[in-house]
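The residues making up each chain are set out below.
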Amino acid sequence: MISVLLPGGNHYIYLAISLACLSTLLTWIVWLAIAPMSRLWLLERRWLSAGLMAGLAVVGGIYPYHLATSWLAEQRAAREAQARRDVLHKEQTVAGVAMPAGTLLHLRQPGKPDTFARAQFPQAVKVDGLQVREIRRHVSADTPARESWSVTLEADQTVQGWLCTHRHPVDLAIGHDGKPRFADCHLAEGNKLEGQPLPMGTWLARSRDDPQNWLLSTDGSEAAKIAHFALLKADVVVGPQLRIVSFKGLLARQTRLGEVSYPAGTRAATALNVPGAQPGDLLFTPPRGRTAHYKNHSDVQAGSSVLQAPDGTVRLMLDNRQAGIVDAATIRIGP
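Quantities reported herein were computed from a predicted structural model and do not represent experimental measurements.

A. A look at the overall build of the protein chain. From N to C terminus, the protein chain includes five helices and 25 strands. Counting only residues that meet the buried cut, the protein chain has 32% of its 335 residues in that class. Taking contacts inside the protein chain between residues at least 6 apart in sequence as the whole, the part at least 24 apart equals 31%. Of the accessible surface of the protein chain, which amounts to about 20900 Å², a share of 56% is contributed by carbon and sulfur atoms.

Rendered as structure tokens:
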């Protein structure tokens, strides 16, 4: 389907009024040219006729004036845009990047290549070890301002063991030394975590708390196999040896661990800062309206969480508040 941008309502009002006035004025002029009686009438009422004709001309000129001012504004914007475009005629280093001849720069300040907001290259250039075809610079409104880059990859490329897709921009953070460094990307097909494939489009980012760790986030309909669980909307912290440090997500299907069977949608996570938890323990929280079946015990109701060892041993039953789980459905704003 081809989208069509229609003018606003005022456009048609100006058009209708102008056409009515101009057509009336034109008809009057033609009638004066062919009818002597009308010219006689005009001479007898010259001031009234002059006022009416002037009024018709002024009101009828609203639409042409509107078109003229719009055209002039477009021409002015085009000249300003042209002044902000710069093509490098020889190889040049700009903002620390070796740019080849033929690079097209879109400048924030005319005549100053270092202020480019966007750079498009005739062939791929190397930025932080990546082969890129385009750079977009972003400057925050914070004080002091922080700068980041979004780059378009030439093709899928490997970044420290991860294969990033060229279908999404790769973000680079500008350090205090002014050099760009990898910040995040979306993963291409073929990445694995502890031997299990990750869904294409999984978001990968450097951890701000610990630069040696990675953050993975899945947000699609395809489940990811994390720590032997099929999870949707999974957030995973990965260590330097590409081993899972912690994770949380929603079970994609009914899952059984030990003597407890959990319904789809149960929140599964590494038990961090949970009273009574030991290293490697897991925390499961059934969703609202669903229960988990505990063999030879009462069902685990919504609002409760189960702390289990990796081998399935049930350590504790906890209230969600004790487990540090916030039930969003119970939050209320107001007195």
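B. Structural view of the pattern of salt bridges. Scanning the model with the defined rule gives eight salt bridges in all. The salt bridge partner of E134 is R118, with a shortest N-O separation of 3.1 Å. One end of the pair, E134, is in strand β6 (residues 130-139); the other, R118, is in strand β5 (residues 116-127), with 16 residues separating them in the sequence. What makes R118 partly exposed here is its relative accessible area of 22%.

C. Seen up close, the nonpolar core. M99, V132, I135, W162, F182, L216 and I226 are the most contacted members of the largest nonpolar core, which totals 49 residues. Core analysis: the second largest hydrophobic core is formed by seven residues, V274, L283, L318 and A323 among them.

D. A look at the pairing of strand β10 (residues 170-174). As judged from the four bridges shared by strand β7 (residues 147-153) and β10, these two strands associate in the antiparallel manner. Of the residues in β10, the one forming a bridge with S150 is D171. Bridge count for β10 against strand β11 (residues 180-186) is four bridges, and the pairing is antiparallel. Each residue of the ladder has a partner; that of A173, found in β11, is R181. Here β10 folds back onto β11, and the loop between the two strands holds five residues, one of which, G178, carries a positive phi near 85°.

E. Molecular detail of a nonpolar patch on the surface. Taken together, the side chains of I13, I17, V58, V59 and I62 define a hydrophobic patch exposed on the protein surface, amounting to about 400 Å² of accessible area. Within the secondary structure layout, I13 lies in helix α1 (residues 9-34).

F. Geometry of the side chain of S150. Within the element layout of this structure, S150 appears in strand β7. A polar side-chain atom of S150 sits 3.1 Å from a polar atom in the side chain of H138. Of note is the side chain of S150, whose polar atom sits 2.9 Å from the side chain of D171. For S150, the contacting residues outside a window of four places in its chain are E134, I135, R136, H138, P169, V170 and D171.

Cut-off values and rules
- Residues numbered from 1 in each chain as written.
- Predicted model: local features only at pLDDT ≥ 70, side-chain atom pairs only at ≥ 80, totals over all residues.
- Heavy atoms only, no water.
- Helix = DSSP H or I, 4+ residues; strand = E, 2+ residues; numbered from the N terminus.
- Buried < 20%, exposed > 50% of the residue type's maximum accessible area, 1.4 Å probe, protein only.
- Contact = heavy atoms within 4.5 Å.
- Areas by Shrake-Rupley, 256 points an atom, 1.4 Å probe, with all protein chains shown as cover.
- Salt bridge = Lys/Arg side-chain N within 4 Å of Asp/Glu carboxyl O.
- Core = buried A, V, L, I, M, F, W, Y, C linked by side-chain atoms within 4.5 Å.
- Pairing = 2+ DSSP bridges.
- Patch = residues over 30% accessible without salt bridge, like charges linked within 9 Å, V, L, I, M, F, W, Y side chains within 5 Å.
- Polar contact = N/O pair within 3.5 Å; in protein donor to acceptor, adjacent residues only side chain to side chain.

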